[in-house]
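Here is what each chain is made of, one letter per residue.
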Amino acid sequence: MKLAPSILSADFSALADDVKKIERGGADYIHVDVMDGHFVPNISFGAAVMKSLLGHTEIPFDVHLMIENPDQYIDDFVTEQTAFITVHQEACRHLHRTLQHIRTKGVKTGVSINPATPVSALSCILEETDMVLIMSVNPGFGGQKFIPSALKKVRELDQIRREQNLHFLIEIDGGVNLENAEEIARAGTDIAVAGSAVFHAENVEERVWALKAVK
Ligand code: DX5
Ligand code: ZN
């Protein structure tokens, strides 16, 4: 399984150092959690913080916009290093148009759903997206407990993509740790996000390596 450590749980006063650690561990993406205090009850950081990492690492950015009106901010997050920009289904009035816009910028698209949103809410958009991000906690904070029903959604999506011959990736975000990683991988997850499990570990580098090794 690929791993996208979330810098939400990193040491902001030494962000570049923390990112070096996950780079040595072999992290596949840097998960960038952007929160606006409206869509979710917390404020994190914006594009300037993400861009401050350019030149310090070559790990591609996996941007997760937990914000209202994402259309207004998407362009700010487009860089040479931006691999994915994910928006929330619940925050987009014209989701199809938003995904098209991201794609015109040469960036891969992602759509995320909250724990209370069913997979069926994505049925008309699965052909249009490169990735689906299943929230396994209610978005807003790191360090929360994994909500097991997220696994059902991963299995459902995995089946849909096989039956319909679609190629979107499945990412899971929230409460991922060494204990549940195997079950998450087996359900069909391609990319796991982990914040506290990575950055609060005694040895960050080793923890990245251990989580990535889960099959
Ligand atoms: C939650 C964020 C997650 C979170 C993951 O709103 O989208 O990416 O930071 O952190 P952990 O792994 O600590 O649940
Ligand atoms: Zn996230």
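The structure under discussion appears in the preceding block.
The rules we used
Residues numbered from 1 in each chain as written. Chains lettered and ligands numbered in written order. Predicted model: local features only at pLDDT ≥ 70, side-chain atom pairs only at ≥ 80, totals over all residues. Heavy atoms only, no water. Buried < 20%, exposed > 50% of the residue type's maximum accessible area, 1.4 Å probe, protein only. Helix = DSSP H or I, 4+ residues; strand = E, 2+ residues; numbered from the N terminus. Arc of directions from axis to C-beta. Contact = heavy atoms within 4.5 Å. Salt bridge = Lys/Arg side-chain N within 4 Å of Asp/Glu carboxyl O.

We now examine helix α3 (residues 95-104). Among the residues of α3, Leu 95, Thr 98, Leu 99 and Ile 102 are the ones counted as buried. Buried residues in α3, looked at end-on, bunch into an arc of 95 degrees, giving them a common side. Structural note: α3 exposes Arg 97 and Thr 104 on the side pointing more than 90 degrees away from its buried face. Among the structural elements, β4 (82-88) and β5 (108-113) are those in contact with the buried residues of α3. Two residues or fewer past α3, Gly 106 is found with a positive phi of approximately 80 degrees.

The final tally for this structure, using the stated rule, is ten salt bridges. Between Lys 212 and Asp 28 there is a salt bridge whose closest N-O contact spans 3.0 Å. With Lys 212 in helix α7 (residues 204-213) and Asp 28 in the loop between α1 (15-25) and β2 (30-35), the pair connects residues that are 184 residues apart, well separated along the chain. Here Asp 158 and Arg 162 are joined by a salt bridge, their closest N and O atoms 3.1 Å apart. On the criterion of helical spacing, the pair formed by Asp 158 and Arg 162 is a turn pair, its members being four residues apart in helix α4 (residues 149-163). Take Asp 158: its relative accessible area is 15%, and that puts it in the buried class. Owing to a relative accessible area of 59%, Arg 162 belongs among the exposed residues under this scheme.

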